[in-house]
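# Coordinate analysis (summary)
Each chain is listed here by its residues.
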Amino acid sequence: MSNRHLYVLSAFLTLVGVGLFVAKLMIFGLPLTPQNKSNLWEVEAHLSFRGSGGPVKISQILAQSQSRFSIIDQAFVSPGYGLTTTQEKGQKRITFSKRKVSGEQNLYYRFTVLDKGLNKARKKKDAPHINPVTWQGSRLVAAQAILDAATVKSADTPTLIVAIIEQLEAKASASHARVLFGKQRSLETKAEIVSGILSLAKLPARSVHGLSLHRAHYQPHFSHWLELFDNGVWQPYSLITGQPTDLENHFPWWRGALPFVQMEGGKRPVTNLSVSWGEESALLSVKQATNDVEKALLNVSFFSLPLDVQQVYRIMVVAPLGALLLVFLRNVIGIGTFGTFMPVLMAMSFRETELFWGILLFTIIIGISLIVRIYFESLKLLVVPRLAALLIVVILVMAGLSILGHKMGLGGGLSVALFPMVILTMTVERISILWDERGPAQAIKHGISSLAVASLCYVVMTHDMVEHLLFVFPELLLVLLAITLLLGRYTGYRLMELVRFRVLAKEA
Amino acid sequence: MLSLIRRLRQKGVLGLNARNGAYILPHNPRRLYPLVDDKLLTKKLAAKAGVAVPELYGVVETPHQTLDMLDKLKGFSDFVVKPAHGSGGDGILVVVGKTKRGYRLANGTLVTLGEIAFHINNTLSGIYSLGGQPDVALIEYRVKFDPVFEDITYNGVPDIRIIVFHGVPVMAMVRLPTRASSGKANLHQGAIGVGVDMSTGTTLKAVYKNDIIEEHPDTGNPVMGVAIPHWKRLLTIAASSLELTGLPYQGIDIVLDKELGPLVLELNARPGLGIQIANRTGLGNRLEKVTQKRQSLKSLDERVAFAQENFSAE
């Protein structure tokens, strides 16, 4: 069979890939490098619920521009729904309504936030009026009791906040706290309670609910904090420590005790948030697509997808590069690894754990499971039950590490849950078989080379430039495909074979 | 490094990529693989073609047949249990004798019938098969190997691997078990590979763990210059393997039995490349010669003669 067919195919793929790439570059001026200076954030609230055939009214709080953050673009994806905007306690609400709703419903609210940075010379404001206390009866008594106890233990306003938070957690006032919290002991209710008690003390305080704007967010959720008016400005306070904080990158969405979502008629509303760091110029150019050709060209990108799906593809588009690297390491260099794609999958989970923690956790999981596996060997279990038992052990070890990591306050421990457990199980099994048949030296050597390949894949796959290029120009995947196909017909020596066969070259 | 590559090329040394990309993928149709991957099927094919194989005592396909088989085995003092889909010599249990306390294995340990049953059940669940597929266990005649290799074998059955391309035997080696290979004849498990002169069937220098040696590491006897008996017959059996399976590129493993002569153990659609080091020459040039001449090499005798003429050690 001639290779010409393959060469033509690869050339064609490369041509299409590079052609689209150049076209997008020329027409839209999409940036070649990640724009680190961009301070635009895309936020999306995905509201899902089930309709039961009748009318549904569902509303949520809209984001508003404020001194540091500007909302520059908002959009709603709500097919068939009527939209009305209302104002309630200084917050805008958007209400989606529809006469007949049945089945799973998905509504999207998407907006772009421009972070203008902290304004050093903030204009001093006049003292606001203090929110009236709405508690009555036993709750008022409980709040007053906690305030009294906290006042005794504090000297000034900042220490009062710390004392109130301590009182809410203290055993002595546990019954008061229970009355105030009711059934929901969440940070959100805590924000309302603390701001309420402060209002009771005639201090201007309010609860704030918002989002932290970070790159590489797995599943963002609302964070809650407190604001106290002091010396002409609203100073944020942490609800955990009670200390004044400098809330880096926290975007306040709404203030005061308001439910984020209100619904009439539907069932089981769920809100999913996603935050992504905006590709500024890319987004701006999306709006500039004027004629059909340009629009079609822009369809070859991920920007039109919902944000949470975009996030998934951000991770997925780099996997082919990892796979290509693996092909190269195996077929051109000749490095052996456990399982064909195990290192790529490990590299992908290292994204969440960071490299150091990833390698450490991986080694611990494999190590402990391997010991159990060696013990299983003496039980003479049949294959499928043995693999199932091993999977359970792997998950137990992962769970143990997560709990231990959380107790010790190590963030890395939690993300161990993202390790591919089936891959880990098969890796343990393969290592133990190799251990039995070729000895520990071979097994450890193979394990280390797998880990080294995974680390290399991680370094390449998490490179900002790589992620940016493949995400903004997914057509480059065609070029990767072409290279992979060509490597598929590489029949030259592997680097390791040169070592293996070198004795053959010595003799004339 | 480039000169190293050039010299290896000159010698026709085949790498894994070249073996797979230039010979196995273009020549060996995938549908024929089951014929060699399944040792039961290979045995049946060989028996049909009149090629001698170790006698099959029985096949265990389901766990409940194990007990019947054990009953039957009480009549034998020595036998071999092997997985039909095994690879690399894994999962083969060689029973050499019966004592009052149990069965003695080739490596000297004693096992009970229960342990043999456990081994069979493990085999059935696919522990030794490629990809963990459920398997069947074969129980067959234990080869009493020819004394020719007695002095250069440690605890196990030596066999002869011949690579056959389009029905022409191109390269051969004798694989000698060592202490390190625990009686197994696979190079990657630590067995010795000894090159063979294709025209005369006498052994050349040997390779042990990628190094060239002249004596057996355990027995200390020279491995070179041993004349393999029935050489012509071995070549003829190897050449006929093309008609057996239809695979143009394959490796055939043959053992020499004291009484029964050459017996075919198994066929291999992806034979390893260590044989090149054992023979201190590359496969590529020999395969190329066969490619050029294969139209004119029709009969079995022609192919054997071609091998003997062209592939003798220089």
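Residues numbered from 1 in each chain as written. Chains lettered and ligands numbered in written order. Predicted model: local features only at pLDDT ≥ 70, side-chain atom pairs only at ≥ 80, totals over all residues.

## A closer look at the pairing of strand β7 (residues 205-212) of chain A
Residues in a regular strand point their side chains to alternate faces of the sheet. All names here are of chain A. Burial runs high along β7: six of the eight residues are buried. Two strands pair when backbone bridges link them, and β7 and strand β8 (residues 223-230) are joined in this way by six bridges, in the antiparallel orientation. By the bridge assignment, S207 is partnered in β8 with L226. The pairing of β7 with strand β10 (residues 250-255) spans five bridges and is antiparallel. Paired with S212 across the two strands is H250, which belongs to β10. (Buried ≥ 20, exposed ≤ 12 C-beta atoms within 10 Å, placed from the backbone. Helix = DSSP H or I, 4+ residues; strand = E, 2+ residues; numbered from the N terminus. Pairing = 2+ DSSP bridges.)

## A few points about the sheet that holds strand β5 (residues 110-111) of chain B
Residues and elements named next belong to chain B. Across the sheet, six strands lie side by side as β1-β6-β2-β3-β4-β5; this open sheet has antiparallel pairing. In this open sheet, the two edge strands, each paired with only one partner strand, are β1 (56-60) and β5. The pairing of β1 with strand β6 (residues 137-140) spans four bridges and is antiparallel. Its bridge partner lying in β6, L56 is registered against E140. Its contacts with the sheet place helix α5 (residues 65-73) against β1, β2 (79-83) and β6, and it is angled at close to 160° to β1. (Contact = placed C-beta atoms within 7 Å. Axes fitted to C-alpha atoms, helices over the stretch in contact; angles between N-to-C directions.)

## Here we look at the sheet that holds strand β12 (residues 249-257) of chain B
Residue and element names in this part refer to chain B. Ordered in space as β11-β10-β9-β8-β7-β12-β13, the seven strands form an open sheet in which the pairing is antiparallel. Looking at which strands have only one partner, the edges of the open sheet turn out to be β11 (211-213) and β13 (261-268). Direction aside, the axes of adjacent strands within the sheet are offset by 30° on average. Pairing analysis gives six bridges linking strand β7 (residues 159-165) to β12, with the strands arranged antiparallel. Across the sheet, residue R161 finds its bridge partner in β12, namely D253.

## Overview of the interface of chain A and chain B
Listed as interface residues are 22 residues of chain A and, on the opposing side, 28 residues of chain B. Counting residues per element, the ones that place at least two in the side of chain A that touches chain B are α12 (383-407), α18 (495-500) and α19 (502-506) of chain A. Looking at the side of chain A that touches chain B, the element that brings in the most residues is α19(A), giving four residues. Here the residues of the side of chain A that touches chain B are counted per class, giving 11 nonpolar, three polar and eight charged. (Nonpolar A, V, L, I, M, F, W, Y, C, P; charged D, E, K, R; others polar.)

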